Amino acid sequence: ELLKLPESTPIEITFGLDELCDTCPNHETGICDSEAHVHEIDCKVAEQFGYLEGSELTLGEFWANAKTEIIERHKLGEYCGDCSFMDICGELEKDVSQTM
């Protein structure tokens, strides 16, 4: 549901646990079973976009960057291949590929 918020929604870049983690199967106990892995993915994506921890932007800006730099370039597997949410973002990649 967080990913469906209005594009004008302000977001802050974090490395590690955040609101998206609340529904992750690896975060059921309030402690992340794969925090190091989450941190690694977050840092890799942040480096791609030049984000620093604490950077603020809108959800729309984030999605536009992700679409251009990761989805359209078919790099989703490279960045997020073994992420628990890959099925959600994988659908985004399929949708973008069908419209190109």
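Note that the coordinates shown come from a computational prediction; the quantities given were computed from them, not determined experimentally. (Residues numbered from 1 in each chain as written. Predicted model: local features only at pLDDT ≥ 70, side-chain atom pairs only at ≥ 80, totals over all residues. Heavy atoms only, no water.)

Asker: What is the right way to look at the nonpolar core in this model?
Answerer: Looking at soluble globular proteins, one finds that nonpolar side chains tend to be buried together. One finds Val45, Phe49, Tyr51, Ile70, Leu76, Tyr79 and Cys80 to be the most contacted residues of the largest nonpolar core, which totals 13 residues. Among the elements of the structure, helix H1 (35-49), helix H2 (59-71) and helix H3 (76-80) are those that each provide at least two residues to this core. The dominant element in this core, judged by the number of residues it contributes, is H1, at four residues. (Core = buried A, V, L, I, M, F, W, Y, C linked by side-chain atoms within 4.5 Å. Buried < 20%, exposed > 50% of the residue type's maximum accessible area, 1.4 Å probe, protein only. Helix = DSSP H or I, 4+ residues; strand = E, 2+ residues; numbered from the N terminus.)

Asker: For this particular structure, what's the right way to read the pattern of salt bridges?
Answerer: Once their charged atoms are close, side chains differing in charge can pair, the charge on each being opposite to the other. Counted by the stated rule, this structure contains one salt bridge. Arg73 is the partner of Glu69 in a salt bridge, and the nearest nitrogen-oxygen pair spans 3.4 Å. (Salt bridge = Lys/Arg side-chain N within 4 Å of Asp/Glu carboxyl O.)

Asker: Even after reading the chapter, I still don't get the packing of aromatic side chains, so can you show me in this structure?
Answerer: Two measures describe an aromatic ring pair: the distance that separates the ring centres and the angle between the ring planes. Considering all chains together, one arrives at four aromatic pairs under this definition. Pairwise contacts between aromatic rings join Phe49, Tyr51, Phe62 and Trp63 into one cluster. (Phe/Tyr/Trp six-rings, centres within 6.5 Å; stacked < 30°, edge-to-face > 60°.)

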